[in-house]
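A structural walkthrough
As a plain string of letters, each chain reads:
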Amino acid sequence: MAEVSAERGRATRERLLRAAVSLIGEVGWSGVSTRMVAQRAGVNAGVVHYHFASVSDLLVAAGVGFARELLEQTGAELASRPSVADGIDWLLRELSRYSGTDPASLLLAEMFLAAGREPGLRAELGALVDGFRSRVAGWLREHGQGARAEQSAVVIAALIDGLVLHRALDPALDPATLAGPLRAMLGVPPEGGQR
């Protein structure tokens, strides 16, 4: 019986987190209320406070969970690429899927803004970004980019964020067309090319 109750509690918590993730992108970080999350999750408003001490705690947990999953998937896919040139090409094609106004882009933009005001979010999001940059730097070192791996990883991570923001302003911007200039900036020859 306790196992069923615990599983039901986990399922409810997950519904609350999913509801918060979708609402952050729709109405903004500061626009999300307990009532909105409860309604979207199909629960009583008191259930939100049973699982989270505050709406802010819920939003941090939801946003950080979403960002963690996205960065882990992106880092894993990038690490599986056989060369830096191939990884850059894949990453920029992947970024073309994000319009800057899609739910994931809006959620991440809201998180970055909120991190400036919420120290707990800033610390957690900063740790995720740092971990992603470390993973990218390790991948770069594995492919002969050791001398500047950390700096290049910072450029790649910042490029991801910047391109998504720019796509919101310029929907015609195609990140895939930037592979050549990015490779040149990082000193990476095209696939099969010479330095």
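Rules and cut-offs
Residues numbered from 1 in each chain as written. Predicted model: local features only at pLDDT ≥ 70, side-chain atom pairs only at ≥ 80, totals over all residues. Heavy atoms only, no water. Helix = DSSP H or I, 4+ residues; strand = E, 2+ residues; numbered from the N terminus. Buried < 20%, exposed > 50% of the residue type's maximum accessible area, 1.4 Å probe, protein only. Contact = heavy atoms within 4.5 Å. Areas by Shrake-Rupley, 256 points an atom, 1.4 Å probe, with all protein chains shown as cover. Lys, Arg positive; Asp, Glu negative; His and termini not counted. Charge placed at Lys NZ, Arg CZ, Asp CG, Glu CD. UniProt positions renumbered as here; feature names shortened; annotations may be inferred. 1 Å grid on protein atoms, 1.4 Å probe; cavity = no way out; pocket = protein on both sides within 12 Å on 5 of 7 lines; lining within 4 Å. Points joined across faces, edges and corners; volume = space filled by probe spheres on them. Nonpolar A, V, L, I, M, F, W, Y, C, P; charged D, E, K, R; others polar. Salt bridge = Lys/Arg side-chain N within 4 Å of Asp/Glu carboxyl O.

From N to C terminus, the protein chain includes nine helices and zero strands. When the helices and strands of the protein chain are read in sequence order from the N terminus, they spell out α-α-α-α-α-α-α-α-α. With 195 residues in all, the protein chain has 41% of them scored as buried. A fraction of 66% describes how many contacts in the protein chain between residues 6 or more apart in sequence connect residues 24 or more apart. Summed over all atoms, the accessible surface of the protein chain reaches about 10,400 Å², with 57% contributed by carbon and sulfur. Of the side chains in the protein chain, 20 bear a positive and 22 a negative charge, and the two mean positions are spaced by 2 Å.

With respect to the helices, strands and loops of the structure, S105 is situated in helix α6 (residues 103–115). Note on S105: relative accessible area 4%, which makes it buried. With residues near it in sequence (within four places) discarded, S105 still touches Y98, S99, G100 and V164.

The UniProt record marks residues 33–52 with the feature "DNA-binding region" (unreviewed entry), using the residue numbering of this structure. Its end C-alpha atoms 13 Å apart, residues 33–52 is made of 75% helix and 0% strand.

A separate point is the environment of E72. Looking at where E72 falls in the secondary structure, it is placed in helix α4 (residues 55–79). We classify E72 as partly exposed; its relative accessible area is 46%. C-alpha of E72 to C-alpha of A127: the two residues are 55 residues apart in sequence and 13 Å apart in space.

Moving on, we get to the environment of V27. Structurally, the position occupied by V27 is in helix α1 (residues 2–27). Taking C-alpha positions, V27 is 9.7 Å from E110, a pair spaced 83 residues apart along the chain.

Right, let's talk about the UniProt feature "domain: HTH tetR-type" (unreviewed entry) in the protein chain for a bit. The residues that UniProt annotates with the feature "domain: HTH tetR-type" (unreviewed entry) are residues 10–70. Its end C-alpha atoms 21 Å apart, residues 10–70 is made of 80% helix and 0% strand.

Here the focus is the layout of surface pockets. Size it by volume and the largest pocket reaches roughly 400 Å³. Residue lining of the largest pocket: 21 residues in total, with L70, L71, L108, I160 and D161 positioned closest to the centre. In terms of residue class, the lining of the largest pocket is built from 17 nonpolar, two polar and two charged.

Let's shift gears to the pattern of salt bridges. Oppositely charged side chains can form a pair if their charged atoms are brought close together. In this structure the tally under the stated criterion is eight salt bridges. Note that E94 is salt-bridged to R97, the shortest N-O span being 3.4 Å. Among the ionic pairs, D130 bridges to R133, the shortest N-O distance being 4.0 Å. Of this pair, D130 and R133 both sit in helix α7 (residues 119–142), three residues apart, which is roughly one turn of that helix. On the accessibility criterion, R133 (29% relative accessible area) is partly exposed. Taken together, the shared-partner salt bridges in this structure form one network comprising E77, R81 and D86.

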